[in-house]
Amino acid sequence: LDYSQKAVRDLYLALVQEALDRYDSDGLELDFMRAPFLFRPGHEGEGGKLLTEWLGEVRRRTAAAGRQRGRPVRLAVRVPANPLTACRLGLDAALWAQQGLVDLVTVAPWFESMDGDPPFFLWKKLLAPYPVTLAAGLEMNMGGGVVDPETAVGAALVALHGGADCLYVFNYYPTSWCKDWPAGKYE
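Now for a look at the structure at hand. (Residues numbered from 1 in each chain as written. Predicted model: local features only at pLDDT ≥ 70, side-chain atom pairs only at ≥ 80, totals over all residues. Heavy atoms only, no water.)

**Description of the overall build of the protein chain**
Then, number 1: The helix and strand tally for the protein chain stands at six helices and seven strands.
Then, number 2: Counted from the first residue to the last, the protein chain has its helices and strands arranged as α-β-α-β-α-α-β-α-β-β-β-α-β.
Then, number 3: For the protein chain, buried positions account for 42% of its 187 residues.
Then, number 4: Counted over contacts in the protein chain with a minimum sequence separation of 6, partners at least 24 positions apart contribute 78%.
Then, number 5: Carbon and sulfur atoms make up 57% of the accessible area of the protein chain, which amounts to about 10,100 Å² in all. (Helix = DSSP H or I, 4+ residues; strand = E, 2+ residues; numbered from the N terminus. Buried < 20%, exposed > 50% of the residue type's maximum accessible area, 1.4 Å probe, protein only. Contact = heavy atoms within 4.5 Å. Areas by Shrake-Rupley, 256 points an atom, 1.4 Å probe, with all protein chains shown as cover.)

What follows is the structure, given as structure tokens:
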């Protein structure tokens, strides 16, 4: 769906509000990585401005929910691992951090892939002036298969050494895909 269309933004804002009304959660995540193409090709720049305004409204709503609950309701986003790619898609997480719109930025590779050396140092530099947590998104799938424990641990170490504050493991289900991993060895 094209987020440059008001009807699309309104639809997702209604879903955000429904989630805030229905669930007593500590936060809300907007995952832009499953479908990061939110605008028509060539219109990502102006689309990104609309998305930033829309995210401002989402932030106002999470803040209102937090006031009502007596505790913060945090806002997280999941964006491409490369900040230039993210910006070119209209997903300017550094600007969102600067404007105080997000609390957590998860940078992640595209679906079913693993980036061996994402520029966490660059993200850390872009986000350093702001009270934002940088998470490294680690995918479970790689090249059509499941990541083995050694690769997952290696990717985690690269991310933490590169400057990520924490890890975000995506689709690591101990009862399904990870069922053959040695129990207790990697916990």
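**A closer look at a nonpolar patch on the surface**
Then, number 1: Taken together, Leu1, Leu11 and Leu15 make up a surface patch of nonpolar side chains, about 300 Å² in accessible area.
Then, number 2: Note on placement: Leu15 falls in helix 1 (residues 6-22). (Patch = residues over 30% accessible without salt bridge, like charges linked within 9 Å, V, L, I, M, F, W, Y side chains within 5 Å. Salt bridge = Lys/Arg side-chain N within 4 Å of Asp/Glu carboxyl O.)

**Thoughts on the pattern of salt bridges**
Then, number 1: Enumeration according to the criterion identifies 11 salt bridges in this entry.
Then, number 2: One salt bridge in this structure joins Arg78 and Asp31, with 3.0 Å as the shortest N-O distance. With a gap of 47 residues between them, Arg78 in strand 2 (residues 74-80) and Asp31 in strand 1 (residues 27-31) connect regions that are remote in the sequence.
Then, number 3: Among the residues examined, Asp31 registers a relative accessible area of 26% and is labelled partly exposed.
Then, number 4: Note that Glu57 and Arg61 form a salt bridge whose closest N and O atoms lie 2.8 Å from each other. Separated by four residues within a single helix, Glu57 and Arg61 lie in helix 2 (residues 44-69), roughly one turn from each other.
Then, number 5: Overall, Arg61 belongs to the partly exposed group, its relative accessible area being 25%.
Then, number 6: Within the structure, one salt-bridge network assembled from shared partners comprises Asp24, Asp26, Arg69 and Arg71.

**Let's talk about the sheet that holds strand 3 (residues 104-108)**
Then, number 1: Read from one edge to the other, the open sheet built from five strands follows the order 1-2-3-4-7, with strand pairing classed as parallel. The open sheet has two free edges, formed respectively by strand 1 and strand 7 (166-170), since each of these has just one partner strand. Strand-to-strand, the axes of this sheet are offset by a mean angle of 25°, without reference to chain direction.
Then, number 2: Alignment of strand 3 against strand 4 (residues 133-139), held across four bridges, turns out to be parallel. Within strand 4, the position partnered with Val105 by the bridge is Leu134.
Then, number 3: Helix-sheet contacts for helix 5 (residues 120-127) involve strand 2, strand 3 and strand 4, and the interaxial angle to strand 4 is about 155°. (Pairing = 2+ DSSP bridges. Axes fitted to C-alpha atoms, helices over the stretch in contact; angles between N-to-C directions.)

**A look at the nonpolar core**
Then, number 1: Counting residues in hydrophobic clusters, the biggest one holds 37 residues, and the most contacted among them are Leu30, Phe32, Trp54, Val79, Trp96 and Val105.
Then, number 2: Of all the elements in the fold, those that place two or more residues in this core are helix 1, strand 1, helix 2, strand 2, helix 4 (93-98), strand 3, helix 5 and strand 4.
Then, number 3: When residues of this core are assigned to their parent elements, the largest contribution, five residues, is made by helix 2.
Then, number 4: Once residues lying within four places of it in the same chain are set aside, the contact partners of Val105 are Val77, Val79, Ala93, Trp123, Leu127, Val132, Thr133, Leu134 and Ala135. (Core = buried A, V, L, I, M, F, W, Y, C linked by side-chain atoms within 4.5 Å.)

These figures come from the coordinates and say nothing about function on their own.
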